[in-house]
Amino acid sequence: MSEKENMPVRATGGCLCGSVRYVLRGPLRDVWACHCYLCRRLHSHHAAYAACDPADLEVVHNGKLRWYRSSPSARRGFCAKCGAQLFWDGKGSDHISIAASTLNEPTGVRLVKHICVGQKGDYYEITDGLPQEGGSMA
Ligand SMILES: [Zn+2]
């Protein structure tokens, strides 16, 4: 039994069909909405990601978790059966991002800011008053 298995469960979640599920034992960052081109192509609208230390995340799946290299610096984890997007994993990043839509409720997190707003779609405006940043997450 590893040290982590004694830690309290902070969050659980999974894909639409249930083939990919996860358990988080550790802090969960609040949610950032990413408006970059890559996220928008992948998520049908902007993305919304919480995040955690990769060491705190246990992923359980029956062989359906796949990784798509969306750019030289990041890969995306998704379910090969239902197509749900679950994870963003940046090369050299100290965190792994978890699609907020895959968290079981109550999530205990809030949307707190928008990033990559310079790449947002031209068909919507950001009107919630939350902070906006232009940096790239791709
Ligand atoms: Zn699935």
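Computed from a predicted structure; not experimentally measured.

A few words now on the overall build of the protein chain. Helices and strands together make up the secondary structure of the protein chain, namely one helix and 10 strands. Beginning at the N terminus, the succession of helices and strands in the protein chain can be written as β-β-β-α-β-β-β-β-β-β-β. Against the compact-globule benchmark of 14 Å for 138 residues, the protein chain has a radius of gyration of 15 Å, which places it among compact chains. The dimensions of the protein chain, computed from C-alpha atoms along their principal axes, are 50 × 30 × 30 Å. Residues classed as buried in the protein chain amount to 43% of the 138 residues present. Look at the contacts in the protein chain between residues 6 or more apart in sequence, and 53% of them connect residues 24 or more apart. Total accessible area on the protein chain is roughly 7600 Å²; 51% of this is exposed by carbon and sulfur atoms.

The three strands lie next to each other as β1-β2-β5, forming an open sheet whose pairing is antiparallel. The sheet is open, and its two borders are formed by β1 (11-14) and β5 (57-61), each paired with just one other strand. Between one strand and the next, the sheet's axes are offset by a mean angle of 15°, whatever the strand orientation.

Per the UniProt annotation, the sites labelled "domain: CENP-V/GFA" (unreviewed entry) are residues 11-125. Helix makes up 6% of residues 11-125 and strand 47%, whereas the separation of the span's terminal C-alpha atoms amounts to 31 Å.

When a metal carries six donors in an octahedron, the ideal angles between them are 90 or 180 degrees, while four donors in a tetrahedron ideally lie at 109.5 degrees. Here the zinc ion is held by the protein donor atoms Cys-15 (SG), Cys-17 (SG), Cys-79 (SG) and Cys-82 (SG), which lie 2.3 to 2.4 Å from it. One chain supplies every donor to the zinc ion, and in sequence these donors are spaced C-x1-C-x61-C-x2-C. Here Cys-15, found in the loop between β1 and β2 (20-24), pairs with Cys-82, found in the loop between β7 (74-79) and β8 (85-90); they are 67 residues apart in sequence, far enough to count as distant. According to the relative accessible area criterion, Cys-15 is buried, its value standing at 9%. Look at Cys-82 and you get partly exposed, because its relative accessible area is 27%.

With that out of the way, let us pick up the pairing of β1. Judged from the four bridges that link them, β1 and β2 form a sheet pairing that is antiparallel. Within β2, the position partnered with Gly-14 by the bridge is Arg-21.

In this section: the nonpolar core. The biggest cluster of nonpolar side chains holds 20 residues, and the ones touching the most others in it are Tyr-22, Leu-28, Leu-57, Leu-86, Phe-87, Ile-98 and Leu-103. Take this core: its biggest share by element is three residues, from β2. Filtering out sequence-adjacent residues up to four positions away, Leu-103 remains in contact with Ala-11, Thr-12, Gly-13, Tyr-22, Leu-28, Ala-50, Ile-98 and Val-109. Among the nonpolar cores identified, the runner-up in size contains 10 residues, and Cys-34, Cys-36, Cys-39 and Ala-47 belong to it.

If you trace the seven strands from one edge of the open sheet to the other, you get β6-β7-β8-β9-β4-β3-β10, paired in mixed fashion. In this open sheet, the two strands that pair with only one neighbour each are β6 (65-71) and β10 (111-115). Taking each pair of neighbouring strands and ignoring which way they run, the sheet shows an average axis angle of 30°. In terms of strand pairing, strand β3 (residues 29-34) meets β10 through four bridges, oriented parallel. Opposite Val-31, over in β10, you have Leu-111 as the bridge partner.

Reading guide: rules and limits
- Numbering of residues starts from 1 in each chain and follows the order in which that chain's sequence is written.
- With the structure being a predicted model, the display of local features is reserved for residues of pLDDT at least 70 and the display and counting of side-chain atom pairs for 80 or more, all residues being used for whole-chain, interface and lining totals.
- Side-chain measures were taken over the full set of non-hydrogen atoms in the model, leaving aside hydrogen atoms and water.
- Helical segments are the DSSP runs of H or I of at least four residues, strand segments are the runs of E of at least two, and each set is numbered from the N terminus.
- We take the radius of gyration over the C-alpha atoms and set the globule estimate at 2.2 Å times the residue count to the 0.38 power.
- Remark: exposure states derive from per-residue accessible area (1.4 Å probe, protein chains only) relative to the maximum for the residue type, with buried under 20%, exposed over 50%, and partly exposed in between.
- It only takes one pair of heavy atoms within 4.5 Å for two residues to be counted as in contact.
- For the area figures, the Shrake-Rupley method with a 1.4 Å probe applies, and any residue is considered shielded solely by the protein chains shown.
- A pair of strands is treated as paired once DSSP finds two or more bridges between them.
- In this analysis an axis means a line fitted to C-alpha atoms, helices contributing only their contacting stretch, and an angle means the value between N-to-C directions, from 0 to 180 degrees.
- UniProt positions are given in the numbering used here, feature names are shortened, and annotations may be inferred rather than shown by experiment.
- Donor atoms: N, O and S within 2.8 Å of the metal, or within 3.2 Å for Na, K and Ca. Because water is excluded, sites can look incomplete.
- For this analysis, a nonpolar core means a set of buried residues of the types Ala, Val, Leu, Ile, Met, Phe, Trp, Tyr and Cys, connected via side-chain atoms within 4.5 Å.

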